[in-house]
Amino acid sequence: MKPLEWCFKKSIWVYHVNAGSCNGCDIEILDALTPYYDVERFGIRLVHTPRHADALLVTGPVTRQVRERLVRLYESTPDPKLVIAVGACATGGGIWHNTYATLGGLENVLPVNIYIPGCPPRPEAILYGVAQALGLVPGVVAKQEFAESLSAEV
Amino acid sequence: MNIIDLSMAVVYTLIFPGFLFTAVIGLLLTWVDRKVTAVIQSRIGPPWFQPFADIGKLLSKKMILPRGAHTLAFVFAPFLSIIGATMAALIIFQALFFPGRGYVGDLIVLVYLSALPAIALIIGGAASRSPFGAIGASREMSMVLAYEVAFLTGILTIIIKTNSIQFSSILAYQASHGAIAGTLSGLLALVVFLFSLQAKLGFLPFDISEAETELIGGPLAEYSGAGLALFKISRSMMFFFMPVLTVLVFFGPVHATLLSILGFILKLLLVLVVLIVIKITHARLRLDQALSLFWYRVSVIGLAAIILAFFGL
Amino acid sequence: MLKHTISELKEALICLEAGQVTLPYPFQPHPPEGEFRGKPVLNSRKCMSCGACANACPARLISIQDNGSIRTLSFNLRRCTFCGLCRDACPQEAITLSSQFELSTVTPEDLSIHAEFGLVNCRECGKVIGTQRQVALVKDKLQTCEPGFDDTGYVDLCNSCKRRAFIHNPALLMEVKA
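Residues numbered from 1 in each chain as written. Chains lettered and ligands numbered in written order. Predicted model: local features only at pLDDT ≥ 70, side-chain atom pairs only at ≥ 80, totals over all residues.

Enquirer: So what exactly am I meant to see when it comes to the interface of chain B and chain A here?
Expert: Interfaces are frequently sized by the accessible area removed from exposure as the parts join. On the side of chain A, 18 residues touch chain B, which itself brings 27 residues to the contact. Mapped by element, the contributors of at least two residues to the side of chain B that touches chain A are α3 (50-60) and α10 (212-215) of chain B. At six residues, the largest contribution of residues to the side of chain B that touches chain A is made by α3(B). Taken together, the residues of the side of chain B that touches chain A sort by class into ten nonpolar, ten polar and seven charged. (Contact = placed C-beta atoms within 7 Å. Helix = DSSP H or I, 4+ residues; strand = E, 2+ residues; numbered from the N terminus. Nonpolar A, V, L, I, M, F, W, Y, C, P; charged D, E, K, R; others polar.)

In structure tokens, the structure reads:
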């Protein structure tokens, strides 16, 4: 691994964007910053301006109103950057997936690097997702598939 | 000046005891700061290489020039900051490591140079064409006027006591007469010095100009990548050499014996821990509260120290 | 100011007494409490693909599609709110909510359940009457209600064909009249 890449993986400063979320995920993000989970162990810090950020932590289903602001935030974040979708709404639209007021999930607006579903996700799940984005832990979720053998007689 | 002198000057400035030495130790001390904060907050805290990883990452990132910003001032300000920090560090560490290389008036030059990072912040914030930057710059200006007065009263006390404006002779005075902090006026000046140090380093409760929660970083709000990294490096250099300055001018010089060096390091850590503990246990003051604190309380204590120093106390 | 400082320092000392509280989380598992609702899991042995869960789901993430002789039941867990209504609605208790919560993924396709079931078509008109499992279940229940009941004539028919066959069978009609 190149030294600069290593530096990037060891120091992720996140900027938290609320794109029409109900505040559930936002509260869990705050929980993940408490001493119990201590994200500073991994060099993760919450910063207050997108100019300092390396990762955008987006919650909410992206309402029509917030779309423009979200794109501006994304553009004002210097490269390289990660986009992390937190919660069921940002991951796939949640229960708002087909309403007129939202765009049904973050991936319809920005390229997403990692999805953290949950309504809201536990602080552990958020921590796990960011750690997975940094390559510290493997992803554990897999598609469940089943096909009944069609030759079975009734 | 021949080529050897020139190359020696470059080495002095860039490597030891100038930029590189101060920056590396300063970043390590930044880690100490973060670790102590973490311990008091009952958590583990970052690994020791964290400040270096932060700087490396910031240097690898793109630096965005905000639309409508004054490009020259915006790009120049971080360099001004780091030049000021490097030159100030050079004066202090020359007095520490090579006592013969000082000149008359280097203490006054140091006072000017140590104000450069704050002035660079003002320039950078004002040039960024961001309302946050502008408010931050104006707040920083008010704060500079407040804490530099207090800082100067502390320095003046030392000058009056030692009757000298040269670093090496201040150290020589303390070697023969005992530490300045041992006298009443010296003790008062030390208190004033610590207050203005807290403000100079931009620590809570005086981080009014940056105010991450309300001004999202103030003058630093528009800086990204290398510009931010330079500001962070100069801030951590200040975090190293300002406590060293405090220890040197108030607790006397360090000799080449093991005991003396250990004592110096202990005193340095003591000053650092006082600064850090004040930083993490206090909430941010309002601008008017900070100004009245500096002008009506701290500067008055500083004036008292000057008057006491006149009477030789 | 001084009073404030002293009280703040006291608070810092109280915090110091607590020691280190950080959990060694991503490196050691931290299982949730008992009633936690995590990722839904489909027990494909019990499921008969009736669609009760699809009706109950508030996020409408469960879809049922018939294609030829195959019924596809798919869960798009990306927008799952882990409410547990599908579990409550399921007559076969085939859906359980596991305690798995570490669902972060790079490819959102991982967050899905895909199950295919064989369909039974009406003997007369070819209309879909249900999955093989549903038909088998009905037969089973009929056998338990009335042992020895001969069901072969009607179970494989759709509702309208069943009615027609019933009307055109005089013996049965007489039985009902009596």
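Enquirer: Would you mind going over the pairing of strand β6 (residues 128-131) of chain C with me for this structure?
Expert: Two faces make up the sheet, and in a regular strand the side chains alternate between them. Bridge count for strand β5 (residues 112-121) of chain C against β6(C) is three bridges, and the pairing is antiparallel. Considered in β6(C), the bridge of C:Val120 is made with C:Gly130. (Pairing = 2+ DSSP bridges.)

Enquirer: In this structure, what is going on with the interface of chain C and chain A? I would like to understand it.
Expert: Listed by partner, the interface residues are 40 residues for chain C and 40 residues for chain A. Where the side of chain C that touches chain A is concerned, the elements lending two or more residues are β5 and α4 (132-145) of chain C. Tallying contributions element by element places β5(C) first for the side of chain C that touches chain A, with eight residues. Taken together, the residues of the side of chain C that touches chain A break down into 22 nonpolar, twelve polar and six charged.

Enquirer: Can you help me understand the sheet that holds strand β4 (residues 82-86) of chain A in this one?
Expert: Strand pairing in a sheet takes place through backbone hydrogen bonds and is either antiparallel or parallel in direction. All names here are of chain A. Read from one edge of the open sheet, five strands run β2-β1-β3-β4-β5, paired in parallel fashion. With partners counted over all chains shown, the strands left at the sheet margins are β2 (45-46) and β5 (114-116), one partner each. Of the strand pairs in this sheet, strand β3 (residues 55-59) and β4 are connected by five bridges, and their pairing is parallel. Looking across to β4, one finds that Leu-56 is bridged to Val-83. In this fold helix α2 (residues 24-32) packs onto β1 (13-18), β3 and β4, with an angle of close to 140° to the strand it touches most, β3. Docked against the sheet, helix α5 (residues 123-133) engages β4 and β5, running at close to 165° with respect to β5. (Axes fitted to C-alpha atoms, helices over the stretch in contact; angles between N-to-C directions.)

Enquirer: Help me understand the packing of helix α4 (residues 71-97) of chain B against helix α11 (residues 226-251) of chain B in this model?
Expert: The description of two helices packed together rests on the angle between their axes and the distance between the axes. All names here are of chain B. With their axes 9 Å apart at the nearest point, α4 and α11 run at an angle of 25° to one another. Compared by their axis directions, α4 and α11 come out roughly parallel. Here α4 runs over α11; the crossing is left-handed. Each of Pro-78, Phe-79, Ser-81, Ile-82, Ala-85, Ala-88, Ala-89, Ile-92 and Leu-96 in α4 lies in contact with α11, whose residues at this interface are Gly-227, Leu-230, Phe-231, Ile-233, Ser-234, Met-237, Met-238, Phe-241, Val-244, Leu-245 and Leu-248. Of the residues belonging to the contact of α4 with α11, the class tally is 17 nonpolar, three polar and no charged. (Parallel < 35°, antiparallel > 145°, perpendicular 65-115°, else oblique. Left-handed = near helix turned anticlockwise from the far one by under 90°.)

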